[in-house]
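# What the coordinates show
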Amino acid sequence: MKRTYNTINVPILWHIHYNMFNDRFRVFLNAGIWASYNFLPGMKNDEYIDGDQVASDPYKPSLVRDNPFGYGLLGGIGFNVMFGKWELMLEGRYYFAYGDVLRNENKYPGNPRRSPVDNLSVNLGFFYLIGDQPHNPLPTKRQLRKMAEQEAERVMNLQ
C-alpha cells in the first residue's frame with residue numbers, strides 16, 4: 001500500500017547569512033519550526049497477485065484514524081547569486097516531524113506504532129527585486145571615486 005497526502009506547509013524560519021563578493025553571493029542557514037495541514041489523502045495498492053494488480057478501495061479519510069495536522073523542526077542550507085535586480089537561489093531543507101500522520105492510540109491492522117513524515121526538499125528559486133534599487137548596498141569602486149570627487153567639489157565650493 002502507498003499513501004499520498006496533499007499538504008499545506010507553513011515554516012517559520014530563523015535565517016542567518018553571509019554576503020561575499022561585493023554582496024553578489026550569499027551563503028545562508030535556515031532553522032525553525034513548521035506546521036502543516038494534510039488534505040485529500042489517497043491510497044494506492046502496489047500489490048500484485050499472479051501478475052495482476054490488486055484493486056484498492058477508495059481511501060476515505062477519518063478523523064478517528066488520520067491526523068490532519070503535522071508539526072516539527074526544520075533546517076536548511078543554501079546560497080543566492082545576485083545579478084542586479086535578479087536573484088538565483090538554491091537550498092536544501094530537512095523537515096523533522098514530531099506529529100504522526102496516523103493517530104497512534106487507535107489499533108488498526110497495519111497501523112504502525114509511529115508514523116512521522118520526515119521530508120527532504122531541494123528548492124530552486126529565481127527572483128526579481130521590485131523597487132528602484134538592485135540589491136547591492138555597497139558602492140562599486142567607480143561609484144566611490146565619483147562620490148569622493150563630488151564631496152571634494154562640495155568642500156571647495158564652501159570655501
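I will try to describe carefully the structure that is included in this document.

Parameters and conventions
Residues numbered from 1 in each chain as written. Predicted model: local features only at pLDDT ≥ 70, side-chain atom pairs only at ≥ 80, totals over all residues. Heavy atoms only, no water. Helix = DSSP H or I, 4+ residues; strand = E, 2+ residues; numbered from the N terminus. Buried < 20%, exposed > 50% of the residue type's maximum accessible area, 1.4 Å probe, protein only. Contact = heavy atoms within 4.5 Å. Areas by Shrake-Rupley, 256 points an atom, 1.4 Å probe, with all protein chains shown as cover. Phe/Tyr/Trp six-rings, centres within 6.5 Å; stacked < 30°, edge-to-face > 60°. 1 Å grid on protein atoms, 1.4 Å probe; cavity = no way out; pocket = protein on both sides within 12 Å on 5 of 7 lines; lining within 4 Å. Points joined across faces, edges and corners; volume = space filled by probe spheres on them. Nonpolar A, V, L, I, M, F, W, Y, C, P; charged D, E, K, R; others polar.

### Comments concerning the overall build of the protein chain
In terms of regular secondary structure, the protein chain is built from one helix and seven strands. Along the protein chain, from the amino end to the carboxyl end, the secondary structure elements read β-β-β-β-β-β-β-α. Split into buried and exposed, the 159 residues of the protein chain put 25% on the buried side. Look at the contacts in the protein chain between residues 6 or more apart in sequence, and 65% of them connect residues 24 or more apart. For the protein chain, the accessible area works out to roughly 12000 Å², and carbon and sulfur atoms hold 62% of it.

### Notes on the packing of aromatic side chains
Under the counting rule described, the total for this entry stands at seven aromatic pairs. Following the ring pairs from residue to residue traces out a cluster consisting of Phe21, Phe25 and Phe79.

### Concerning the layout of surface pockets
Roughly 290 Å³ of volume is contained in the largest pocket. As for the largest pocket, its lining consists of 16 residues, and the residues nearest its centre are Thr7, Trp34, Ser36, Asn38 and Val117. At the level of elements, β1 (2-20), β2 (25-44), β5 (69-83) and β6 (86-97) are the ones that each hand at least two residues to the lining of the largest pocket. For the lining of the largest pocket, the per-class residue count stands at seven nonpolar, eight polar and one charged.

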